[in-house]
Amino acid sequence: MVPELEFERPINDLKTKINELKAFMEEKDIDLTAELKHLEERLKELEDETYENLQPWSRVQIARYQERPTTLDYIEHLFTDFIELHGDRLYGDDEAIVGGIAKYDGKPVTIIGHQRGKDTKENIRRNFGMPHPEGYRKALRLMKQAEKFHRPVITFIDTKGAYPGKEAEERGQSEAIARNLVELSGLSVPVICIVIGEGGSGGALALGIADRIHMLENSTYSVISPEGAAALLWKDASQAKLAAETMKITAPDLFALGIIDEIIPEVKGGAHRNMQKQAGAIDAVLKKSLDELLLLSSEELVSTRYEKFRKIGEYTFIKSSVSIAND
């Protein structure tokens, strides 16, 4: 059974009442059209009020929703002739990251993305979308292959973070992530990143050094999860809702801060409500970005990417008013 999102409970309760009224009308053959119309109008008002004023914690819940479309879902709707490639040629294949070559609008591209499961069995197989070092090394292999054959790279971010287990550290988790950051920074082909769910810490950033960074409206991107931040700041992970409100992790916040380039609107209620329509919204943004980036030379791509990340964040020098008198 698909879990109910907390903030959607009033909407679902009203939908239940509408369905019960319809069933009652059919069973008793009673005309309650006026009452039904009133409830349906109230439902539309409630949906508009809820989804147009989503709070950060509500967006976190949508980003984590198990029915939310994954990387493989978007690959199926946006690309043709996809061939998945496996392994890092060093240790093994990490199913928390998928990647391969495909065609987009008739042009060859390389696609890399985090992959979660839709149920418990698949989540265990894909380690809940939390990659090991071999996942990042597989991604790096595909990035360098794309550079060799002059293919643009398109990445999809959707992870709580890199796997923090003992075996991941033993196999060089931090080095694998750092290597991806270095190599992506200097990649001579266009790189486009789309955050489709959760973007957690270095595990997300390892696929996120891009010429264009786009976020779905109800996705999140942060250095730590709200629960982790709450545990560190207040020693209480249950304060995650408060942390989400103060961390500036939503797409509107990050766009205002200049971290991302564009927000991709979602269908009302979240991307899971209409996969095809959501893919169409991503397609429009992806095509525009790719057309712009293909006009740039390799040198221009690297230099503008460098400047893009140099501009993130601000600092101010404050001149001290304290004077030191001479003896």
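What counts and how
- Residue positions are given per chain, counting from 1 as you read along its sequence in written order.
- Under the rules for a predicted model, residues below a pLDDT of 70 receive no local features and side-chain atom pairs below 80 are neither given nor counted, while totals for whole chains, interfaces and linings still include all residues.
- Side-chain measures here rest on the full set of heavy atoms in the structure, leaving out hydrogens and waters.
- Per-residue confidence from the predictor is reported as pLDDT, which spans 0 to 100.
- Whether two residues are in contact is decided by their heavy atoms: any pair within 4.5 Å suffices.
- UniProt positions are given in the numbering used here, feature names are shortened, and annotations may be inferred rather than shown by experiment.
- Here a strand is any run of E in DSSP of at least two residues, a helix any run of H or I of at least four, and the numbering for each starts at the N terminus.
- The distinction between a cavity and a pocket rests on a 1 Å grid over the protein atoms alone: a 1.4 Å probe fits inside a cavity but cannot get out, while a pocket stays open yet meets protein on both sides within 12 Å along at least five of seven lines, and a residue with an atom within 4 Å of a point counts as lining.
- Grid points are joined across faces, edges and corners, and a volume is the space filled by probe spheres set on the points.
- The buried label applies to any residue whose accessible area, calculated with a 1.4 Å probe on protein chains only, is under 20% of its type's maximum; exposed applies above 50%, and partly exposed to all values in between.
- Pairing between two strands is assigned when DSSP locates at least 2 bridges connecting them.
- Fitting a line to C-alpha atoms yields each axis, with helices limited to the stretch in contact; the angle taken between N-to-C directions then spans 0 to 180 degrees.
- Angle categories: roughly parallel below 35 degrees, roughly antiparallel above 145, roughly perpendicular from 65 to 115, and oblique for all the rest.
- Handedness of a crossing follows from how the near helix is turned relative to the far one, being left-handed for an anticlockwise turn of less than a right angle and right-handed for a clockwise one.
- Gly is placed with the polar residues, together with every amino acid not listed as nonpolar (Ala, Val, Leu, Ile, Met, Phe, Trp, Tyr, Cys and Pro) or charged (Asp, Glu, Lys and Arg).
- One less than the number of residues in a helix, times 1.5 Å, gives the span that helix is expected to have.

A.B. asks: Got a minute to help me understand the confidence of the model for the chain in this structure?
C.D. replies: Low-confidence regions, as indicated by low pLDDT, have predicted coordinates that should not be scrutinised in detail. On average, residues of the chain score 91 in pLDDT, and 95% of them reach the 70 mark or higher. In this model, residues 323-327 is a region of pLDDT below 50 whose contacts with residues beyond four sequence positions or in other chains number zero contacts.

A.B. asks: I'm lost on the UniProt feature "domain: CoA carboxyltransferase C-terminal" (unreviewed entry) in the chain in this one. Help?
C.D. replies: Per the UniProt annotation, the sites labelled "domain: CoA carboxyltransferase C-terminal" (unreviewed entry) are residues 38-292. Along residues 38-292 one finds 45% helix and 19% strand; the C-alpha atoms at either end are 49 Å apart.

A.B. asks: Sorry, what's going on with empty space enclosed by the protein here?
C.D. replies: Once rolled over the atoms, a probe with the size of a water molecule shows which space is left empty. Per the counting criterion, the structure on display carries one cavity of 30 Å³ or more. Considering only enclosed or pocket space, the largest cavity measures out at about 70 Å³ in volume. Lining the largest cavity are 13 residues, and of these Glu198, Thr220, Ser222, Ser225 and Pro226 lie nearest its centre. Elements with a contribution of two residues or more to the lining of the largest cavity: α3 (56-64), β5 (191-200) and β7 (220-222).

A.B. asks: How should I be thinking about the pairing of strand β3 (residues 107-114) in this particular structure?
C.D. replies: Regular strands place side chains that alternate from one sheet face to the opposite one. Most of β3 sits inside the fold, with six of its eight residues counted as buried. Here eight bridges tie strand β2 (residues 97-104) to β3, and the two strands are oriented antiparallel to one another. Paired with alanine 102 across the bridge in β3 is valine 109. Inspection of the sheet shows β3 paired to strand β4 (residues 153-159) by four bridges, in the parallel sense. Residue pairing in the sheet places glycine 113 in a bridge with phenylalanine 156 of β4.

A.B. asks: Looking at this structure, how should I read the UniProt feature "coiled-coil region" (unreviewed entry) in the chain?
C.D. replies: Taken from the UniProt record, the annotation "coiled-coil region" (unreviewed entry) applies to residues 22-49. Between the end C-alpha atoms of residues 22-49 the distance is 24 Å, and the span holds 86% helix and 0% strand.

A.B. asks: Can you help me understand the packing of helix α6 (residues 133-148) against helix α8 (residues 173-185) in this one?
C.D. replies: A packed helix pair is summarised by two numbers, namely the angle formed by the two axes and the spacing between the axes. It is the contact of α6 with α8, at a shortest axis distance of 8 Å, that shows an interaxial angle of 20°. When the axes of α6 and α8 are compared, the pair comes out roughly parallel. Taken as a pair, α6 and α8 cross one another with a handedness that is left-handed. Between α6 and α8, the contacting residues are Pro133, Tyr136, Arg137, Ala139, Leu140, Met143 and Lys144 on the first element and Gln173, Glu175, Ala176, Ile177, Arg179, Asn180, Glu183 and Leu184 on the second. Split into classes, the residues belonging to the contact of α6 with α8 amount to eight nonpolar, two polar and five charged.

A.B. asks: I tried to follow the pairing of β4 on my own but got confused; where do I start?
C.D. replies: Counting buried residues along β4, seven of its seven residues qualify, which places the element largely inside the surrounding structure. Of the pairings in the sheet, the one linking β4 to β5 comprises six bridges and is parallel in character. Residue pairing in the sheet places isoleucine 157 in a bridge with valine 195 of β5.

A.B. asks: Just checking my understanding: could you explain the layout of surface pockets for this structure?
C.D. replies: By volume, the largest pocket amounts to about 350 Å³. Lining of the largest pocket is provided by 16 residues; of these, Tyr221, Ser222, Val223, Leu254 and Ile259 occupy positions nearest its centre. Of all elements in the fold, only α9 (201-205) and β7 reach the threshold of two or more residues within the lining of the largest pocket. Here the lining of the largest pocket gets three residues from one element, more than from any other, and that element is α9.

A.B. asks: Please clarify how α6 should be interpreted in this entry.
C.D. replies: Given 3.6 residues per turn, any residue in an α-helix points the same way as the ones three and four places further on. For α6, built from 16 residues, the straight-helix expectation of 22 Å at 1.5 Å per residue is met to within 8% by its first-to-last C-alpha distance of 23 Å. Summarising burial for α6: 13 of the 16 residues are buried, a large majority. In the segment just after α6, histidine 150 is the residue with positive phi, at about 60°.

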